Amino acid sequence: MRHRALGRSGLRVSEIAYGSWISTTEGAAEAVAREALEQGITTFDTADAYAGTLAETVLGRVLSGARRESVVISTKVCAPVGPGPNDRGLSRKHIMESAAGSLRRLRTDHIDLYQAHRYDPRTPLEETLRAFDDLVRQGKVLYVGVSEWTADQIAAALKTAADMGLDRMVANQPQYNMVWRVIEAEVLPLCASEGIGQIVWSPLAQGLLTGKYRPGAPLPPDSRAGGPARSQFAAGALTDDVLTRVSELGPLAAELNITMAQLALAWVLANPQVSSAIVGATAPGQIAQTAAASGIDLDDDVLARIDTVLGPIIERDPARTPAHPTDYGKPGEHDA
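One structure accompanies this document, and this report is about it.

Calculation rules
Along each chain, numbering runs from 1 in the same order as the chain's sequence is written. Per-residue local features of the predicted model are confined to residues with pLDDT of at least 70, and side-chain atom pairs are confined, for both listing and counting, to 80 or more; whole-chain, interface and lining totals are unaffected and use all residues. Water and hydrogen atoms were dropped before computing side-chain values, which therefore reflect all heavy atoms in the structure. Helical segments are the DSSP runs of H or I of at least four residues, strand segments are the runs of E of at least two, and each set is numbered from the N terminus. With a 1.4 Å probe rolled over the protein chains alone, any residue whose accessible area is under 20% of its type maximum counts as buried; one over 50% counts as exposed, and the rest are partly exposed. Residues are treated as being in contact if the distance between any of their heavy atoms lies within 4.5 Å. All accessible areas in this document rest on Shrake-Rupley with a 1.4 Å probe, and a residue is counted as covered only by the protein chains that are shown. Here Asp and Glu are counted as negative and Lys and Arg as positive; His is not counted, and neither are the chain ends. Each charge is placed at NZ for Lys, CZ for Arg, CG for Asp and CD for Glu. Convention adopted: a line fitted to C-alpha atoms gives each axis, helices being fitted over their contacting stretch, and angles between N-to-C directions are expressed from 0 to 180 degrees. Each angle receives one of four descriptions, namely roughly parallel if under 35 degrees, roughly antiparallel if over 145, roughly perpendicular if within 65 to 115, and oblique otherwise. What a helix should span is 1.5 Å times the count of its residues minus one. A strand pair is defined by DSSP finding two or more bridges across the two strands. As used in this record, nonpolar core signifies buried Ala, Val, Leu, Ile, Met, Phe, Trp, Tyr and Cys residues forming a set joined through side-chain atoms within 4.5 Å. When the centres of two rings from Phe, Tyr and Trp lie within 6.5 Å, Trp using its six-membered ring, the rings pair. Their planes under 30 degrees apart give stacked, over 60 give edge-to-face, and anything left gives tilted. A side-chain nitrogen of Lys or Arg and a carboxyl oxygen of Asp or Glu constitute a salt bridge if their distance falls within 4 Å.

## Topic: the overall build of the protein
Stage number 1. The helix and strand tally for the protein stands at eleven helices and ten strands.
Stage number 2. Viewed in the frame of its principal axes, the protein has a C-alpha envelope of about 55 × 45 × 40 Å.
Stage number 3. In the protein, buried positions account for 53% of the 336 residues.
Stage number 4. Sequence separation of at least 24 residues holds for 77% of the intrachain contacts in the protein that already meet a minimum separation of 6.
Stage number 5. For the protein, the exposed surface amounts to about 13,900 Å²; the carbon and sulfur share of it is 51%.
Stage number 6. Between the mean site of the 32 positive side-chain charges and the mean site of the 40 negative ones, the protein shows a separation of 5 Å.

Shown next as structure tokens:
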């Protein structure tokens, strides 16, 4: 497993990170997390809202058996975790209370990377950044970042932190994959100049880029699109045009003697601004396969061939930030 610097910070993260959210059963999630450790994955991503806080509990149980200094634990705050008006957002109250809850569930005295899960327009940016800075000064958080913020929001946070002398963000967590490239126009250039690393989610586009969905074929019953979680899948990705183009990547992966999933992960990691790609799994064997994508280098010819195959179905509009997994294939407000 290779490791990369997180932006211009001194923190090193594994090229493949394990995304901890409970998609099957608690026992299965624990087994997958343990396999991630076995495969050399050192970076573990979760959030207080995943599975109603259960994801953090399961991850904390698994990682309690690992040497704390050997792993990087990342969690997030903003999404609702309860019914109350202060059980969400980026207010000082919610950040402080959520951080305390995450520390307790993760069985640790500090969070390596604490991220704002989304932007909160209801809370002054100064309040949010001051709360993050206080957590850093208290030693409860080591680094801070954001997820699915626009370039303008990131720029405003950087300026505010500089003006107030607060700890600045080192990480951004956007959706990014072969077919969803909305960060390339604005977010990536800003982050490159400011030294902010990308820890990307959905690098396999919810499994679309693994080739499991075939044009004209029934949906696999054990897949996200064909199983109980179908409502959380980007239905617009299941058109014949999309599935046909994705299937054309199969021969390219075969030429390279890798799986389509490994090709998709290697494509993401070919971008030097990407520090780590987050993968999930429902079985330990899936983690073993995706972890093997670390260290696969794609040359310029392969990257060009991928662009030629997928060109017409690639989403590039920066206005699609913030994104949700089901957004792919849906018209945005700019298309209405």
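From this point, the narrative continues.
## Here we look at the packing of helix H2 (residues 54-63) against helix H3 (residues 92-106)
Stage number 1. At their nearest, the axes of H2 and H3 sit 7 Å apart, and the two run at 40 degrees to each other. By the angle class used here, H2 and H3 are oblique. Contacts between H2 and H3 involve Glu56, Thr57, Leu59 and Gly60 on the former and, on the latter, Ser102, Arg105 and Leu106.

## Digging into the side chain of Ser294
Stage number 1. Within the fold, Ser294 resides in the loop between helix H10 (284-291) and helix H11 (300-310).
Stage number 2. When near neighbours in sequence (up to four residues on either side) are disregarded, Ser294 contacts Met1, Arg2, Glu15 and Ile16.

## Some details on helix H5 (residues 151-164)
Stage number 1. Look at H5: 20 Å from first C-alpha to last across 14 residues, which is about the 20 Å you get at 1.5 Å a residue.
Stage number 2. Regarding H5, the residues found buried are Ala151, Ile154, Ala157, Leu158, Thr160 and Ala161.
Stage number 3. Backbone geometry just downstream of H5 places Gly165 in the positive-phi region, at approximately 70 degrees.

## Quick word on the sheet that holds strand E8 (residues 171-173)
Stage number 1. One closed barrel holds the eight strands; their spatial order is E3-E4-E5-E6-E7-E8-E9-E10, and the pairing between them is parallel. The mean angle between the axes of side-by-side strands here comes to 30 degrees, regardless of whether they run parallel or antiparallel.
Stage number 2. In this fold helix H9 (residues 260-269) packs onto strand E3 (16-19), strand E9 (197-200) and strand E10 (274-279), with an angle of close to 155 degrees to the strand it touches most, E10.

## Remarks on the nonpolar core
Stage number 1. Core analysis: the largest hydrophobic core is formed by 89 residues, its most contacted members being Tyr114, Ile154, Met178, Leu208, Leu263, Ile306 and Leu310.
Stage number 2. Here this core gets nine residues from one element, more than from any other, and that element is H9.
Stage number 3. Judged by nonpolar contacts, the second largest core, of eleven residues, contains Leu6, Val170, Ile199 and Trp201.

## Side note on the pairing of E10
Stage number 1. Taking burial as the measure, the six residues of E10 include six buried ones, the bulk of the element.
Stage number 2. Pairing geometry for E9 and E10, over three bridges, is parallel. Directly across from Gln198, in E10, lies its bridge partner Val274.

## Side note on the packing of aromatic side chains
Stage number 1. One pass over the full model with this rule turns up five aromatic pairs.
Stage number 2. Centroid distance Tyr119 to Trp149: 4.9 Å. Interplanar angle 85 degrees. Geometry classified as edge-to-face. Of this pair, Tyr119 sits in the loop between strand E6 (111-116) and helix H4 (125-137) while Trp149 sits in the loop between strand E7 (141-147) and H5; the two residues are 30 residues apart in sequence, bridging distant segments of the chain.
Stage number 3. The class of Tyr119 is partly exposed, set by a relative accessible area of 31%.
Stage number 4. Owing to a relative accessible area of 2%, Trp149 belongs among the buried residues under this scheme.
Stage number 5. Ring centres of Trp180 and Tyr328 lie 6.5 Å apart, and the angle between their planes is 70 degrees; on these two criteria the pair is classed as edge-to-face. Placement of Trp180 in the loop between E8 and helix H6 (187-194) and of Tyr328 in the segment after H11 is noted, with a sequence separation of 148 residues between them. Each member of the pair, Trp180 as well as Tyr328, is classed as buried.

## Concerning the pattern of salt bridges
Pairs can form between side chains of opposite charge once their charged atoms are near each other.
Stage number 1. All chains considered together, the criterion is met by 19 salt bridges.
Stage number 2. Between Arg168 and Glu194 there is a salt bridge, and its shortest N-O distance comes to 2.8 Å. With Arg168 in the loop between H5 and E8 and Glu194 in helix H6, the pair connects residues that are 26 residues apart, well separated along the chain.
Stage number 3. Residues joined by salt bridges that share partners form a network here, namely Glu30, Arg34 and Arg61.

Structural measurements only, silent on function.
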